[in-house]
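The primary structure of each chain is shown beneath.
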Number of protein chains: 2
Amino acid sequence: MTRLAFAAPLAISLQAQADERPNIIFFLVDDFGWIETSLPFGEETYPRNRRFHTPNMERLAKRGTMLTNAYACSLSTPTRTSLMTGMNSAHSHITSFSSLYKDIVPDAIGGHPGSTNENLGDIFAHPKWNYNALCPAQFDNEQDRKTYGLNNTTYATPLPQLLRDSGYHTIHVGKAHWAPAGTPGSNPYNMGFVVNIAGAQNGHPKSYLPEENFGNLPGKGDYGSVMNMSQYYDSGIHLTEAITLEALKTLDNPIRQKQPFFLYFAHYTNHTPIQRDDRFVQRYLDEGQDEGEARYASMVEGMDKSLGDVLDYIDNKGIADNTVIIFYSDNGPHSVGGEKGGEMHTQAMPLREGKGSVYEGGIRVPMMVAWPGKVAPDTRINTPVVVEDFFPSFCELAGINNPETVQTRDGQSFVKLVTDGSQYVAKAAKEGKIKNQKEANAFEIPAEVGGLDPERDLIFHYPHQLRFEDQDDIDFMTAMRRGDWKLVYRMHTGELELYNLREDLGERNNLAPKHKEMVKSMAKDLGDQLRKWDASMPTVRATGKTVPLPDEI
Amino acid sequence: MTRLAFAAPLAISLQAQADERPNIIFFLVDDFGWIETSLPFGEETYPRNRRFHTPNMERLAKRGTMLTNAYACSLSTPTRTSLMTGMNSAHSHITSFSSLYKDIVPDAIGGHPGSTNENLGDIFAHPKWNYNALCPAQFDNEQDRKTYGLNNTTYATPLPQLLRDSGYHTIHVGKAHWAPAGTPGSNPYNMGFVVNIAGAQNGHPKSYLPEENFGNLPGKGDYGSVMNMSQYYDSGIHLTEAITLEALKTLDNPIRQKQPFFLYFAHYTNHTPIQRDDRFVQRYLDEGQDEGEARYASMVEGMDKSLGDVLDYIDNKGIADNTVIIFYSDNGPHSVGGEKGGEMHTQAMPLREGKGSVYEGGIRVPMMVAWPGKVAPDTRINTPVVVEDFFPSFCELAGINNPETVQTRDGQSFVKLVTDGSQYVAKAAKEGKIKNQKEANAFEIPAEVGGLDPERDLIFHYPHQLRFEDQDDIDFMTAMRRGDWKLVYRMHTGELELYNLREDLGERNNLAPKHKEMVKSMAKDLGDQLRKWDASMPTVRATGKTVPLPDEI
């Protein structure tokens, strides 16, 4: 018998064979408004921009391109499941946020047991929709259906699974919120992530504070308590900082192994509870902001610090040149509670309304893409992009052609837009065709250059009521953007509104009476698409009838 | 501007360069006694063996080799930190189990706030020891010391970090229990695991039951609640099954990527709470076992089912030939509480005492190694191995020569023993030199064949009291095995006992009066080693003096 020989470690051979596809860092912020940053996404710097200090967002913008017309859904789960599936939420039928609890629909206080769709809305009954939200397609079999007893669920092939299967090291950090506890979709591992830190069924952390164990105080925890972070209990380190430290640690391994990584870094911040970040709050109090506003601004700056740490990390590791960073928010700013201070419904100003609404305040979000050598630095792109575009974009970045998915996808890749498109913008700027921020926001990239038609229809569908009390500019609405035009359908009243976003960013001047043909045409196309998707619609309590589609009124 | 080209996926090139080091599955069971299986590790099948049904352990034994003299520490954290560090627990000063809470020492009810060392023991005060247990060496710096405020901590370079850095995909599933919450060592990610499922500071699950959310019922959770498993809430799937499902899922990725993996699969079972596994319990009730015994036996069979699932998985994936499976338990069977049924202190019979004790019942554990083509099937090895041997063994399996660690390690690799040694045994059996189980258990492998000296000293040190009430055969004891001989030092009385394990497995016949020179010699060597390690010793309350070492009495 001879002694066994062991193969040499892989490190050397892997270096020769390194996978050169880019790393992808998807930096997703929660409830973060387009306007809540010192980096102005608008054509001018608005007073509200000046309330915030986000130097690292400014730093990222200098490295890459800002998408000034980027859209998400108006709520968390619809956006996040769309990221996973590439489907419009009207198509997936995940049109509201998922509860902590299986089979329990969310309500005004966050989906607690006992709440039902019937609690909400005196005019409409809520539609049939997939409140158990997203489940990976691998669980769509008899055994698992029996085990989990799932109904009202969308089965789909999730994006991280495709990335992982193609050789990416897929890392989930932070908030998941794709499905309730008790369902496979609540667990990032089931989505195809190799690593999971702190992600589960919860849509917000029970607490950001280490002295409150991020919600895990014995006997006080619930499904909203943040997992995996017990080493930071009582450490003095705010959740936003703690998950940043953990996120960066997870990158050491794929960097060492020369394996491209997909870091889905989904901050819990700036969702409620609005808890001060002690590192940053004093500045805002000194500036005269009220307590709630200062607390919120300190959370934003904590998030911005995290972004800076990510940039420092990739610079120090020497991987910045082969790393795509995408900055995004899951919906507009929270504007219906008192925690954030200020006046309700104004947090997205100059945009109308906030989170939950299909008005711009609910859906237009800050987005940036940086990729040295590919994306032109310090540029702006005004071509609209929407959440369902991320799935094909990530696939394209990863070299995955024609991904096989059980679901039919809706989006289009924006990779050509942010690469060729931004270079086109840079060239125009160099030639003196763009001289200032206002002109940059107005400058158009032709479809044949950017790959995306600036006039394509983008649909936002919210057939629900957000809270017990009615929210006129949030509840039961659907909208479609086409170029500069936006059609808004108010289900409660059957009204159709039309706005020109180029002239009227705040959606105050309803042009429907003046442009009846355009309203009719857009309503028809919106109705057709919703019919095609069999989109969920509420029922009129008085008649029991389904609310008509926008072209049926 | 041209369209960007993307590199092709890595899969094809990686196949050509596959790392051929073996996969390692470390299947670690909790509180699982050497005798609590239908697979007899003793020289005969004892009555207690017949109470259990573990067909998959029998199946594994047929594939590989059984180590009939394998040792762990007598408690969880000492064993588990030794696995991470390669240090004897007397050397690391982690001599008891770590609490859920930083700076809180464990006590009879599991380390609840307010308990202190001073609560325990009327004769001795407990020693200074590292109750904050293990912390990865990377945190041994000024900033982290300040952040975490750690004292009474052992800093060491953890095994999984070395494996990961050498190219292994390192996966943690189940119980960690290396350090309290509020310290970096509580988190498997900090140990070098790339994946973590369900591991944290807790030494046992608050509940195994899905209907109790594994301890996460809202408002009832504590630091012992199991994390990451929310998709199984109310699923009807017992924790043991649930973590098995998750463990196997984590292997798909490294298999696909042709990356060797290290799966540290540490079952929570069979630790308390003793909760019935409905799949298996009826058989034991039908056999006339009492309720507690039947519950416990059903947990054991659930564990065995998990082992079978692992074997099925690697067979089905075609990776069995390049996978080393190591089966082990962290200490002897729980024998001081009533939950398990039966008579206290008898659960390890014919071995003396159980968990906590340095008598064989506390430290001798079931161990098996299977590795097709390398480890001879259906063999038994009686050369003693001990927990600190695992670190160098895993390193050798991974081809890591001379690992760099901040700690000085104590163990020796058993790889040559289980490969060459088992082949030597198989050859002897073929030649008719081993004819039955008794002869197999007695057959010796020379040191020059197996690489390990059967006479080397193995030390077990427990300078603590386990519970409020005194446990005569557990509290404040130290032992050393040398070949067939075992010296036991009772600190309370200053007595030295000597047993011949070959003749007296149950340690009933104290031969110290007959072999005074051997006692003196062994006590001297034990004392020397404990002095060298600066091992923790309790203090006599009456005098304030440190309890003398075994050669100082």
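None of the values given here were measured: they were computed from a predicted structure. (Residues numbered from 1 in each chain as written. Chains lettered and ligands numbered in written order. Predicted model: local features only at pLDDT ≥ 70, side-chain atom pairs only at ≥ 80, totals over all residues. Heavy atoms only, no water.)

Student: If you had to explain the pairing of strand E14 (residues 477-482) of chain A to someone new, which residues and values would you point to?
Tutor: Residues and elements named next belong to chain A. Counting buried residues in E14 gives six out of six residues, a clear majority hidden from the surface. Neither face of E14 is left uncovered, since the one carrying Met477, Ala479 and Arg481 and the one carrying Thr478, Met480 and Arg482 both have all their residues buried. Here strand E13 (residues 457-462) pairs with E14 via six bridges, running antiparallel. Each residue of the ladder has a partner; that of Asp457, found in E14, is Arg482. As paired elements, E14 and strand E15 (residues 485-490) share six bridges and run antiparallel to each other. When the sheet's bridge partners are listed, Met477 is paired in E15 with Arg490. Linking E14 to E15, which pair antiparallel, is a turn of two residues; within it Gly483 sits at a positive phi near 60°. (Buried < 20%, exposed > 50% of the residue type's maximum accessible area, 1.4 Å probe, protein only. Helix = DSSP H or I, 4+ residues; strand = E, 2+ residues; numbered from the N terminus. Pairing = 2+ DSSP bridges.)

Student: Talk me through the interface of chain A and chain B; I want residue IDs and the actual numbers.
Tutor: Each side of the interface is counted separately: chain A has 71 residues, and chain B has 72 residues. For the chain A and chain B pair, buried surface summed over both sides reaches about 5900 Å², with 56% attributable to carbon and sulfur atoms. Our count for the contact surface shared by chain A and chain B stands at two salt bridges. Of the charged contacts in the structure, one is a salt bridge between A:Asp165 and B:Arg256, with a shortest N-O distance of 2.9 Å. Counting every contact that joins chain A to chain B gives 22 residue pairs in polar contact (both at pLDDT 80 or more). (Contact = heavy atoms within 4.5 Å. Buried area = accessible area lost by both parts, 1.4 Å probe. Salt bridge = Lys/Arg side-chain N within 4 Å of Asp/Glu carboxyl O. Polar contact = N/O pair within 3.5 Å; in protein donor to acceptor, adjacent residues only side chain to side chain.)

Student: Can you tell me about the sheet that holds strand E6 (residues 169-174) of chain B, naming the residues and giving the values?
Tutor: Residues and elements named next belong to chain B. Read from one edge to the other, the open sheet built from eight strands follows the order E7-E6-E8-E1-E9-E10-E2-E11, with strand pairing classed as mixed. Single-partner strands in this sheet number two, and they are strand E7 (195-197) and strand E11 (379-381). Shown here is a sheet whose adjacent strand axes are inclined to one another by a mean of 15°, direction ignored. Here E6 pairs with strand E8 (residues 261-266) via six bridges, running parallel. The residue of E8 that forms the bridge with His172 is Tyr264. Seen against the sheet, helix H2 (residues 55-63) touches strand E2 (65-71), strand E9 (323-329) and strand E10 (364-370) and runs at an angle of roughly 55° to E10. Against the sheet, helix H12 (residues 390-397) makes contact with strand E1 (23-29), E8, E9 and E10, and its axis sits at roughly 170° relative to E9, the strand it touches most. (Axes fitted to C-alpha atoms, helices over the stretch in contact; angles between N-to-C directions.)

Student: Before we move on, can you summarise the relation of the copies chain A and chain B with the specific residues and values?
Tutor: The operation relating chain A to chain B is a screw motion whose rotation component is 180°, with 0.0 Å of axial translation and a residual RMSD of 0.0 Å. Expressed as an axis order, the relation between the two copies is that of a two-fold axis. (Least-squares fit on C-alpha atoms with pLDDT ≥ 70 in both.)

Student: Provide a residue-level description of empty space enclosed by the protein, including the pertinent values.
Tutor: With the rule as written, the count across this model stands at ten cavities of 30 Å³ or more. Reported here for the largest cavity is a volume of approximately 290 Å³. Lining the largest cavity are 23 residues, and of these A:Asn216, A:Ser225, B:Asn216, B:Ser225 and B:Met227 lie nearest its centre. Counted by class, the lining of the largest cavity contains eleven nonpolar, ten polar and two charged residues. (1 Å grid on protein atoms, 1.4 Å probe; cavity = no way out; pocket = protein on both sides within 12 Å on 5 of 7 lines; lining within 4 Å. Points joined across faces, edges and corners; volume = space filled by probe spheres on them. Nonpolar A, V, L, I, M, F, W, Y, C, P; charged D, E, K, R; others polar.)

Nothing here speaks to function; it is all geometry.
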